[in-house]
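Secondary and tertiary structure notes
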Amino acid sequence: MNLAYIPSPSTGVIELGPIPLRGYAFCIIIGVFVAVWFGNKRWVARGGTAGTVADIAVWAVPFGLVGGRLYHVITDYQLYFSDGENWVDAFKIWQGGLGIWGAVALGAVGAWIGCRRRGIPLPAWADALAPGIAFAQAIGRWGNWFNQELYGKETDLPWAVKISEGANRVAGTYHPTFLYESLWCVGVALLVIWADRRFKLGHGRAFALYVAAYCAGRGWIEYLRVDEAHHVLGLRLNVWTAIVVFVLAVVYMIVSAKLRPGREEIVEPAAVKAPKDEAADADGEDGKDGKDGTASRGSTDATDPKGSTDSTDAEGSTDTEDTKTSVPDAAGAGAKEPGDGAGATPQKAEKS
């Protein structure tokens, strides 16, 4: 008898009046917000502008949800299109069932569209978002706990998850594969953050590292699961997918490092152009102000009443004093020498 285990919630839905609040949906939404928030911080640190990650996520997230659901429905078609099943359930995404492979593949298409509209390289944006995606997966996996799905083989380990009786499941304690994958994704995120700082990964290599590391863990975690799945050569389909994608990611990292070593210097041209334009505008305004200031100062000097008065007064004062000096001198000379006659006075005046 297992005395220690992780209990499962009695229900994955909380009814808030007429509005059902589903734990699975909450985990997905919270994960998306964390990915965008953390991706934005990394994007700004790389030289991009705030808000660009969110703008592109508007394209990537809907595409990713559709891709994830399509992958799940296609690979587990028997759950929706077999005898006795209702195909309408294929659209009930809140009941669980998102394939990460399809989510990343079609989400990349949406991101590519968003990047083209903003004129930025998709690999650089993917590098910035990679750890955030891993954190989002770590949070999103707890949605499987709310739905009591995707657990592993039976076990009596203290951290086993207890599953209650229900449709397509038998009560018991099982490996909490949702917890294993959640912890693994946290480790993947930390690995990418460390490697990116240590080796300056660029041109999509940080994203490729995330893909490779996730696939390495998904392989052994998938092997523990007991939910129904298609098998190829004795292995579950998702195990083969993890192997193929892992190899492709490693090859990409090797080839990319040889063809385009280092990291992009400019990830968002608009972010570099904007400060230059602002600086140019500032210089233009300073030049305009300088011209106005010069003209204003010149105008003030030329029309300064005080300066004009001082100048005129100075000159007028000199002329007046000279004239006053000359007249008395002439008059005085005539007074002192009255015997010289009337002709003396004009002579003195000419000398003045």
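Heads up: these notes are all about the structure in this document. Computed from a predicted structure; not experimentally measured. (Residues numbered from 1 in each chain as written. Predicted model: local features only at pLDDT ≥ 70, side-chain atom pairs only at ≥ 80, totals over all residues. Heavy atoms only, no water.)

Looking at the side chain of Thr-155
For Thr-155, the location among the structural elements is in the loop between α6 (142–147) and β3 (161–163). Side-chain polar atoms of Thr-155 contact the backbone nitrogen of Leu-157, separated by 3.2 Å. (Helix = DSSP H or I, 4+ residues; strand = E, 2+ residues; numbered from the N terminus. Polar contact = N/O pair within 3.5 Å; in protein donor to acceptor, adjacent residues only side chain to side chain.)

What about a nonpolar patch on the surface?
Judged by side-chain polarity, Ile-243, Phe-246, Val-247, Val-251, Ile-254, Val-255 and Leu-259 come together as a nonpolar surface patch covering roughly 600 Å² of accessible area. With relative accessibility at 65%, the residue Leu-259 sits in the exposed group. (Patch = residues over 30% accessible without salt bridge, like charges linked within 9 Å, V, L, I, M, F, W, Y side chains within 5 Å. Areas by Shrake-Rupley, 256 points an atom, 1.4 Å probe, with all protein chains shown as cover. Salt bridge = Lys/Arg side-chain N within 4 Å of Asp/Glu carboxyl O. Buried < 20%, exposed > 50% of the residue type's maximum accessible area, 1.4 Å probe, protein only.)

A look at the pattern of salt bridges
Pairing of side chains with opposite charge becomes possible as their charged atoms draw close. A complete count under the given rule lists 13 salt bridges for this structure. We note a salt bridge from Glu-268 to Arg-118, for which the minimum N-O separation is 3.3 Å. On the criterion of sequence distance, the pair formed by Glu-268 in the loop between α9 (237–259) and α10 (269–303) and Arg-118 in helix α4 (residues 100–118) is long-range, its members being 150 residues apart. Note that Glu-222 and Arg-225 form a salt bridge whose closest N and O atoms lie 3.2 Å from each other.

Comments concerning the pairing of strand β2 (residues 19–22)
Bridge count between strand β1 (residues 13–16) and β2: four bridges; the pairing is antiparallel. Within β2, the residue paired with Val-13 across the bridge is Arg-22. Linking β1 to β2, which pair antiparallel, is a turn of two residues; within it Gly-17 sits at a positive phi near 65 degrees. (Pairing = 2+ DSSP bridges.)

Notes on the side chain of Arg-42
Its location among the elements puts Arg-42 in helix α1 (residues 23–45). According to the relative accessible area criterion, Arg-42 is buried, its value standing at 13%. A polar atom in the side chain of Arg-42 sits 2.9 Å from the backbone oxygen of Ala-128. In this structure Arg-42 touches Asp-127, Ala-128, Pro-131 and Asp-196, once residues within four positions along its chain are discounted. (Contact = heavy atoms within 4.5 Å.)

So, α9
Residues lying three or four places apart along an α-helix face the same way, a consequence of the helix completing one turn every 3.6 residues. Relative to the 33 Å expected for 23 residues at 1.5 Å per residue, α9 spans 33 Å between its end C-alpha atoms, a close match to the ideal helical length. For α9, every residue scored as buried is listed here: Asn-238, Val-239, Thr-241, Ala-242, Ala-249 and Ser-256. (Expected span 1.5 Å × (residues − 1).)

A closer look at the packing of helix α8 (residues 205–224) against α9
Interhelical geometry of α8 versus α9 gives an angle of 155 degrees and a closest axis separation of 8 Å. It follows that α8 is roughly antiparallel to α9 by the angle criterion. When you trace α8 past α9, the crossing you get is left-handed. Contacts from Arg-205, Ala-208, Leu-209, Val-211, Ala-212, Cys-215, Ala-216, Arg-218, Gly-219, Glu-222 and Tyr-223 in α8 reach Asn-238, Val-239, Ala-242, Val-245, Phe-246, Ala-249, Val-250, Tyr-252, Met-253, Ser-256 and Ala-257 in α9. For the contact of α8 with α9, the class distribution of residues is 16 nonpolar, three polar and three charged. (Axes fitted to C-alpha atoms, helices over the stretch in contact; angles between N-to-C directions. Parallel < 35°, antiparallel > 145°, perpendicular 65-115°, else oblique. Left-handed = near helix turned anticlockwise from the far one by under 90°. Nonpolar A, V, L, I, M, F, W, Y, C, P; charged D, E, K, R; others polar.)

Considering the environment of Val-251
Considering the arrangement of structural elements, one finds Val-251 in helix α9. Of the residues examined, Val-251 reaches a relative accessible area of 44% and is grouped as partly exposed. It is 9.2 Å that separates the C-alpha atoms of Val-251 and Ala-208, two residues lying 43 residues apart in sequence.

Some words on the packing of aromatic side chains
The way to describe two aromatic rings as a pair is by their centre distance and the angle between their planes. This structure, assessed with the given rule, holds 12 aromatic pairs. Between the aromatic rings of Trp-101 and Tyr-214, the centroid separation amounts to 5.9 Å while the plane-to-plane angle is 55 degrees, which identifies the pairing as tilted. Of the two residues, Trp-101 is situated in helix α4 and Tyr-214 in helix α8; the sequence distance between them amounts to 113 residues. Grouping residues by exposure puts Trp-101 and Tyr-214 together as buried. Here the aromatic rings of Tyr-151 and Tyr-174 are separated by 4.6 Å at their centres, their planes lie at 40 degrees, and the arrangement is tilted. Of the two residues, Tyr-151 sits in the loop between α6 and β3 while Tyr-174 sits in strand β4 (residues 172–174), which places them 23 residues apart along the sequence. Across the pair, Tyr-174 and Tyr-151 agree in class, each one buried. Ring-pair connections join several aromatic residues into one group, and the members of that group are Trp-142, Trp-145, Phe-146 and Phe-178. (Phe/Tyr/Trp six-rings, centres within 6.5 Å; stacked < 30°, edge-to-face > 60°.)

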